[in-house]
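Fold and geometry: a report
Spelled out, the chains give:
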Amino acid sequence: MSLEPTITDIISRLRHGLFPNEQSISQGIVLRVLQQLGWESWDTTVVWPEYQTGEGRADFALCHPPTKPTIFVEVKGPGKAEEGVRQALDYAFHSGGVPFVVLTDGKTWSFYLTMEQGSYEDRRVFKLDLFERESSEAAAVLDRYLNRARVLSGEALNTARSEYRSRNRSAQARAAIPDAWKELVEKGDELLVDLLTDAVESKAGIRPDSDDVTEFLMSLLKPVILQQSATAQPRIVPRQPVAIPAVVHQATVPVQVFPPRQTAPEPSSSTSSRSGTLTIRGKAFRYNNAIEALTMILRELAESDPTFLQRCAQHPDVQGRLRKYLGRSPEELYPHREDLREMVEALPDGWLLATNLNNLTKKNIIKAAAEVAGITYGRDVSVEF
């Protein structure tokens, strides 16, 4: 059986938040992938769970010959793969120099050469993000490094070493810069917005609204028209192309309009003051600002599915690189900003929503919530702010 349909299914389950912890990721993703790649996951002398090392226990040791580790696979909880790099490489180093290490949270897979020089990050050969690649491409990467026949012949390790030393690596990274920049801007990346916000405040003495900063960054993605003189024809300066979303035509559906639900006022200067109407599965609600709209949608979807918020919190667009937007405590939402920990909105079952968000991030959370709930943004859920 081809690995590609398996990867497609895993991606779908990941997007719906069906792997909430390390155990579910190990069982439902890692062992499933290894089995497809020729590893007999039931044979514990070949796929050795909880392998004892000099520093601790590796989650899985892939052995050849049996009982002799050649690859360590370290599994982390959702969104925590980057936290285990040092631990995984230390395990490999203190176990006789296991040459290859894989670190994964199910969604991302990082491949390391243990014995190369430099920092931990310098030793990473490749990082695969299942949400950023086609299933066929992801399957090819996993096959390249973890196919059992390739591992046993030494071809997988030789390929990794060859790629690590390849002069094309910097060119590949350089070619990806425009797309990476576009993605950071389109998602309203917090670190990028904060960096520019701080710089403006230092220069002007006044802190700008985060939505104004986001709007400026978005404007950089649009083609710029320069006019040389009053009579000259305009010249278009090309920039990176921006995908224009298709307009969805749909029949008018009668809806029942509900008044706004009572929510605590948001203590954020970045909250949009624009009111409007949102629709959720044919029901319409009036809202006073963007955070109220987001809160209404999350509460409405949570009412019909007790597992929704747990699954939604695992979606990559519902967390930044340094914090989560949906969590169980203010500390989880603002780990490095104690001064912002009052900026939360209560949701069902003890969940909390961070309210210190720019509007682009709020809209991305709504799109992610629709995906987790199995409904379509723009049709089943619609909002404008």
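Quick look at the structure, then. None of these values were measured; they are calculated from a predicted model.

1. What about the sheet that holds strand 13 (residues 344-346)?
On the basis of which strands lie adjacent, the open sheet formed by 3 strands has the order 12-14-13 and antiparallel pairing. Pairing within the sheet leaves two strands with one partner each, and these edge strands are strand 12 (326-327) and strand 13. As paired elements, strand 13 and strand 14 (residues 352-354) share 3 bridges and run antiparallel to each other. The partner of Val344 across the bridge, within strand 14, is Ala354. Docked against the sheet, helix 11 (residues 290-303) engages strand 13 and strand 14, running at close to 150° with respect to strand 14.

2. Considering the packing of helix 1 (residues 3-15) against helix 4 (residues 135-146)
Viewed as axis vectors pointing N to C, helix 1 and helix 4 meet at an angle of 115°, and their least axial separation amounts to 8 Å. With respect to their mutual orientation, helix 1 and helix 4 come out roughly perpendicular. Crossing of helix 1 over helix 4 shows right-handed handedness. On helix 4, the residues that touch Leu3, Glu4, Ile7, Thr8 and Ile11 of helix 1 are Ser135, Ser136, Ala138, Ala139 and Leu142. A breakdown of the residues in the contact of helix 1 with helix 4 according to their chemical character gives 6 nonpolar, 3 polar and 1 charged.

3. Section: the sheet that holds strand 4 (residues 100-104)
Taken in spatial order, the 6 strands line up as 1-2-3-4-5-6 in an open sheet, and their pairing is mixed. Each of the sheet's edge strands pairs with one partner strand only, and the pair in question is strand 1 (47-52) and strand 6 (124-129). Neighbour-to-neighbour, the strand axes of this sheet turn through a mean angle of 25°, independent of strand direction. Pairing of strand 3 (residues 69-75) with strand 4, which is carried by 5 bridges, proceeds in the parallel orientation. Residue pairing for strand 4: Val75 is matched across the bridge by Thr104. Across the face of the sheet, helix 2 (residues 22-36) comes into contact with strand 1, strand 2 (57-63), strand 3, strand 4 and strand 5 (108-113) while running at roughly 140° to strand 3.

4. Some points on the pattern of salt bridges
Counted according to the given criterion, the structure contains 24 salt bridges. A salt bridge links Glu332 to Lys324, with the shortest nitrogen-to-oxygen separation between them at 3.2 Å. Through salt bridges with shared partners, one network takes in Asp9, Arg13 and Arg32.

5. Section: the pairing of strand 10 (residues 276-280)
Alternating residues of strand 10 divide into Gly276, Leu278 and Ile280, all buried, and Thr277 and Thr279, none buried. Here strand 10 runs beside strand 11 (residues 283-287); their pairing, made up of 5 bridges, is antiparallel. Considered in strand 11, the bridge of Gly276 is made with Tyr287. Where strand 10 folds back on strand 11, the antiparallel hairpin that results is connected by 2 residues, among which Arg281 adopts a positive phi of roughly 50°. Direction of pairing for strand 10 relative to strand 15 (residues 381-382): antiparallel, over a ladder of 2 bridges. Within strand 15, the residue paired with Thr279 across the bridge is Ser382.

The rules behind each value
- Residues numbered from 1 in each chain as written.
- Predicted model: local features only at pLDDT ≥ 70, side-chain atom pairs only at ≥ 80, totals over all residues.
- Heavy atoms only, no water.
- Pairing = 2+ DSSP bridges.
- Helix = DSSP H or I, 4+ residues; strand = E, 2+ residues; numbered from the N terminus.
- Contact = heavy atoms within 4.5 Å.
- Axes fitted to C-alpha atoms, helices over the stretch in contact; angles between N-to-C directions.
- Parallel < 35°, antiparallel > 145°, perpendicular 65-115°, else oblique.
- Left-handed = near helix turned anticlockwise from the far one by under 90°.
- Nonpolar A, V, L, I, M, F, W, Y, C, P; charged D, E, K, R; others polar.
- Salt bridge = Lys/Arg side-chain N within 4 Å of Asp/Glu carboxyl O.
- Buried < 20%, exposed > 50% of the residue type's maximum accessible area, 1.4 Å probe, protein only.

Read these as layout, nothing more, since geometry by itself doesn't imply function.
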